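Structural characterization, general
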Amino acid sequence: MKTTILFLCTGNSCRSQMAEGWGRRLLADRFEVFSAGLEKHGLNPLAVKAMAEAGVDISKQRSKTLEELPQDSFDYVITLCGHANETCPYFPGKVIHQGFDDPPRLAAAAAGEAEALPHYRRVRDEIRDFIKNLPTELIKL
């Protein structure tokens, strides 16, 4: 049985979706990964686009809440935003916080997609780097 990881964010629309996509791409041999939100905000199209540029298709993922997950227990829960970390419900596994900037918030003043995408790309790459190093970090816990 694989070790399970839940990536948790407020709305499960962007950061946690990216983390799930990277987790499935980079960790599938040892981990089963999920994502959810405290709320459900829908899958962010610019997150889908930024991930596709990196060769990871998350277009078939969907925004979901904790209640919609196929299980309610995980070996690790990783919160990706301050709100999720502060309001995270109790989980019997280990809870780790690794915050990332919110691309929609960063891009709020962008004049269009071309101006917004660099924010998504930066956070996408930061999440990728975190996921790449995750097995080593979990061993340290």
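Here we summarise the structure given alongside this text. (Residues numbered from 1 in each chain as written. Predicted model: local features only at pLDDT ≥ 70, side-chain atom pairs only at ≥ 80, totals over all residues. Heavy atoms only, no water.)

Digging into the overall build of the chain
Summing up its helical and strand segments, the chain has five helices and four strands in all. Secondary structure elements of the chain, listed N to C terminal, follow the sequence β-α-β-α-β-α-β-α-α. Against the 2.2 N^0.38 benchmark of 14 Å for 141 residues, the chain shows a C-alpha radius of gyration of 14 Å, consistent with a compact globule. Its C-alpha atoms put the chain at 45 × 30 × 25 Å along the principal axes. Out of the 141 residues in the chain, the part that is buried amounts to 47%. Relative to all contacts within the chain whose residues are 6 or more apart in sequence, the contacts with residues 24 or more apart total 73%. Total accessible area on the chain is roughly 7,200 Å²; 50% of this is exposed by carbon and sulfur atoms. (Helix = DSSP H or I, 4+ residues; strand = E, 2+ residues; numbered from the N terminus. Rg over C-alpha atoms; globule rule 2.2 N^0.38 Å. Buried < 20%, exposed > 50% of the residue type's maximum accessible area, 1.4 Å probe, protein only. Contact = heavy atoms within 4.5 Å. Areas by Shrake-Rupley, 256 points an atom, 1.4 Å probe, with all protein chains shown as cover.)

Section: the pairing of strand β3 (residues 76-79)
On a regular strand, each side chain points to the face opposite its neighbour's, so the side chains alternate between the two faces of the sheet. The alternating pattern of β3 places Tyr76 and Ile78 and Val77 and Thr79 on opposite faces, both of which are buried. Relative to β3, strand β1 (residues 3-9) runs parallel, the two sharing four bridges. Of the residues in β3, the one forming a bridge with Ile5 is Tyr76. Sheet topology places β3 next to strand β4 (residues 94-97); four bridges connect them, and they run parallel. Following the sheet pairing, Thr79 is matched in β4 by His97. (Pairing = 2+ DSSP bridges.)

So, the side chain of Thr65
In this structure, Thr65 sits in the loop between α2 (45-53) and β3. Engagement of the side chain of Thr65 in a polar contact is seen with the side chain of Glu67, the distance being 3.1 Å. (Polar contact = N/O pair within 3.5 Å; in protein donor to acceptor, adjacent residues only side chain to side chain.)

Here we look at the sheet that holds β1
Judged by pairing direction, the sheet is parallel, and its four strands sit side by side in the order β2-β1-β3-β4 without closing on themselves. Because the sheet does not close on itself, it has two edges, and the strands there are β2 (31-37) and β4. Recorded for the sheet is a direction-independent mean angle of 20° between the axes of neighbouring strands. Relative to β2, helix α1 (residues 15-27) is tilted by about 170°, and along the sheet it contacts β1 and β2. (Axes fitted to C-alpha atoms, helices over the stretch in contact; angles between N-to-C directions.)

Some points on the packing of α1 against α2
The contact between α1 and α2 brings their axes to 10 Å, and the two run at 25°. By the angle class used here, α1 and α2 are roughly parallel. Along this stretch, α1 crosses α2, giving a crossing that reads as right-handed. Counted together, Met18, Gly21 and Trp22 of α1 and Ala47, Ala50 and Met51 of α2 form the full contact between these two elements. For the contact of α1 with α2, the residue count by class is five nonpolar, one polar and no charged. (Parallel < 35°, antiparallel > 145°, perpendicular 65-115°, else oblique. Left-handed = near helix turned anticlockwise from the far one by under 90°. Nonpolar A, V, L, I, M, F, W, Y, C, P; charged D, E, K, R; others polar.)

Looking at the pattern of salt bridges
One pass over the structure, following the stated rule, counts 13 salt bridges. The residue Glu20 makes a salt bridge to Arg24 at a minimum N-O spacing of 2.6 Å. Here the residue Glu20 and the residue Arg24 both occupy positions in helix α1, the gap between them amounting to four residues, near one helical turn. Taking the relative accessible area as the measure of exposure, Glu20 reaches 3% and is therefore buried. One salt bridge in this structure joins Lys64 and Glu20, with 3.5 Å as the shortest N-O distance. Taken together, the residues Lys64 in the loop between α2 and β3 and Glu20 in helix α1 connect sequence positions 44 residues apart. Across the pair, exposure class does not vary: Lys64 and Glu20 are buried alike. Each of Glu53, Arg121, Arg124, Asp125, Arg128 and Asp129 takes part in salt bridges that share partners, so that together they form one network. (Salt bridge = Lys/Arg side-chain N within 4 Å of Asp/Glu carboxyl O.)

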